[in-house]
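Report on the structure
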Amino acid sequence: MEKFLWGCATSSAQIEGAYLTDGRTPSIWDNIDFKKVKNNDNCHIACDFFHHYKQDIKLAKSLGINSLRISLSWSRIIPSENKINSKGIKFYNDVINEMIKNNIEPMITIYHWDLPLWVHKLGGWENKKIINLFEFYCKVCANEFTDRVKYWFVFNEPQIFLTGGYYKGDTAPFHKNKYNFGETATNTLIAHKKGVDALRKFSKQKIKVGIAMSTSIFVPKENNKIEINKAYKKSFESSYGRKWNAFYSDPMILGKPVKYDKINRIKIKDIKNIKVKLDFIGINIYLPAVDRYYKKIRSDLTTTNWVVDERCIYYVCKYFYKRYKLPLMISENGFAVEDELKNGIINDNKRCRYLKYYLNELDKIKKEGIPIFGYLYWSLLDNFEWTSGYYPRFGLVYVDYRTLKRYKKKSFYFYSKYIKNSNY
Ligand code: BGC
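Treat the numbers as computed from the prediction; the structure is a model and nothing was measured.

1. Some details on the side chain of E227
- Along the polypeptide, E227 turns up in helix α9 (residues 225-237).
- Here E227 is in contact with P220, K221 and E222, once residues within four sequence places are set aside.

Here it is as structure tokens:
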């Protein structure tokens, strides 16, 4: 049996900084109107992982994790059309090699929302041209990194970068183009398949390719078969469930288009270019869907504004496995709180409790025999939380953004001990 992957997840725009170093060009996140970000923060320096990666990987090792999910900055690797940046590739090779040296399995997300500005200027995901550009990027990743990297996530959460970025307009690039949304989604899903195919075709070893999906499922009102099935149906077939949980994964994995706002935005004729064979699904799990029947179970724990309910670990795994029948990896799960640094110490007791409850549910669902091969805490470090800036802190490691010094939080030790004592 392969080892269970205990790890953490991170992403390039949120931690790397060095946004113009060694030939990198800006991504859309480097160039937004910063008035849209809390406290007008930007990600130009972030945690400066670019210059601190050795220290951060050492921290990861001392945490006791055996895997770390990073993402690649497309514009560090391909800073303009048809140009490959050898310095950008060297940076990721150094990071990957450092992880391997420290017995940490490197896992890569190819696209975690930081669209190169030059691609955006060509129309971004709204222009079909992105399909070939993305395929080329994936081919470069396969050529350069698949000799050492076995686990790949082609996208992180299309729900956010597409629905948020091009339909609701609440995240970069802040477009609200409902009319064109079907085409945008179709381009993206075709690019996804081409990316997966290119990765496999040019890879240097047998790799495992998946995607990280945002999840938002309804927990059953009561723990009995009827209610469990009702909540399952609602999670994928209600208007909310279709939009959030099914719209991208049903066409991709099951080959079935799903109505979005009563419209068939993805056409049957495109399905052959969208349906793709994945090796696993990454599920990012934070909070359940909340409707008027929802009964809170944890009023004692609050995050900046998210409901805390560990049952979503159990039910997301159950429901995603029932629907897609693919091995699962919990590719993100985490908790933001306003941590305070006092004399070098962060007593984040709430995060420890959160972890205890959520990990207990992981244990429960694993015991039911559902194939879950990893759990990644979001995140190793406090980081740039998109339009919320640096305000919410998700890390097991506190980052002082003025000095860039890192401090292990109490939850760091909690997770470390949990992993050590776990029997998988
Ligand atoms: C994203 C991360 C983000 C986290 C917490 C996930 O949706 O993949 O980039 O930081 O949630 O908001």
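2. Regarding the packing of aromatic side chains
- A complete count under the given rule lists 57 aromatic pairs for this structure.
- Aromatic pair F4 and Y424: ring centres 5.0 Å apart, planes at 75°, arrangement edge-to-face. In this pair, F4 is assigned in the segment before β1 (5-9) and Y424 in the segment after α14 (410-421), connecting sequence segments 420 residues apart.
- Ring centres of F280 and F373 lie 5.3 Å apart, and the angle between their planes is 90°; this geometry places the pair in the edge-to-face category.

3. Details of the layout of surface pockets
- Counted as a void, the largest pocket has a volume near 820 Å³.
- Around the largest pocket sit 35 residues that line it, and W113, E157, I160, W306 and E385 are the ones nearest its centre.
- Listed by contribution, the elements that provide at least two residues to the lining of the largest pocket are α7 (158-168) and α10 (239-246).
- Of all the elements, α7 adds the most residues to the lining of the largest pocket, at five residues.

4. Quick look at the site of the ligand
- In the neighbourhood of the ligand, the contacting residues comprise Q14, H112, W113, N156, E157, Y286, W306, E332, W378, E385, W386 and F394.
- Here W378 contributes a side-chain N or O atom positioned 3.2 Å from an oxygen atom of the ligand.
- For the ligand, the cavity whose grid points lie within 2 Å of the majority of its atoms is the largest pocket.
- Residue composition of the shell around the ligand, by class: six nonpolar, three polar and three charged.

5. Things to note about the pattern of salt bridges
- Here the structure, examined in full by the defined rule, presents 31 salt bridges.
- Of the charged contacts, one joins E310 and R298 as a salt bridge, the two residues approaching to 2.8 Å between their closest N and O atoms. In this pair, E310 sits in the loop between β6 (280-284) and α12 (311-324) while R298 sits in the loop between β6 and α12, placing the two residues twelve residues apart along the sequence.
- Given a relative accessible area of 14%, R298 falls into the buried group.
- Residue E361 pairs with K364 through a salt bridge whose shortest N-O separation is 3.3 Å. With E361 and K364 both in helix α13 (residues 349-367) and three residues apart, the pair spans about one turn of that helix.
- Assessed through its relative accessible area of 44%, K364 is described here as partly exposed.
- What emerges from the salt-bridge pattern is a single network uniting D339, D348, R351, D382, R393 and K409.

Definitions and limits used
Residues numbered from 1 in each chain as written. Predicted model: local features only at pLDDT ≥ 70, side-chain atom pairs only at ≥ 80, totals over all residues. Heavy atoms only, no water. Helix = DSSP H or I, 4+ residues; strand = E, 2+ residues; numbered from the N terminus. Contact = heavy atoms within 4.5 Å. Phe/Tyr/Trp six-rings, centres within 6.5 Å; stacked < 30°, edge-to-face > 60°. 1 Å grid on protein atoms, 1.4 Å probe; cavity = no way out; pocket = protein on both sides within 12 Å on 5 of 7 lines; lining within 4 Å. Points joined across faces, edges and corners; volume = space filled by probe spheres on them. Near = heavy atom within 4 Å. Polar contact = N/O pair within 3.5 Å; in protein donor to acceptor, adjacent residues only side chain to side chain. Sits in = over half its atoms within 2 Å of the grid points. Nonpolar A, V, L, I, M, F, W, Y, C, P; charged D, E, K, R; others polar. Salt bridge = Lys/Arg side-chain N within 4 Å of Asp/Glu carboxyl O. Buried < 20%, exposed > 50% of the residue type's maximum accessible area, 1.4 Å probe, protein only.

Structural measurements only, silent on function.
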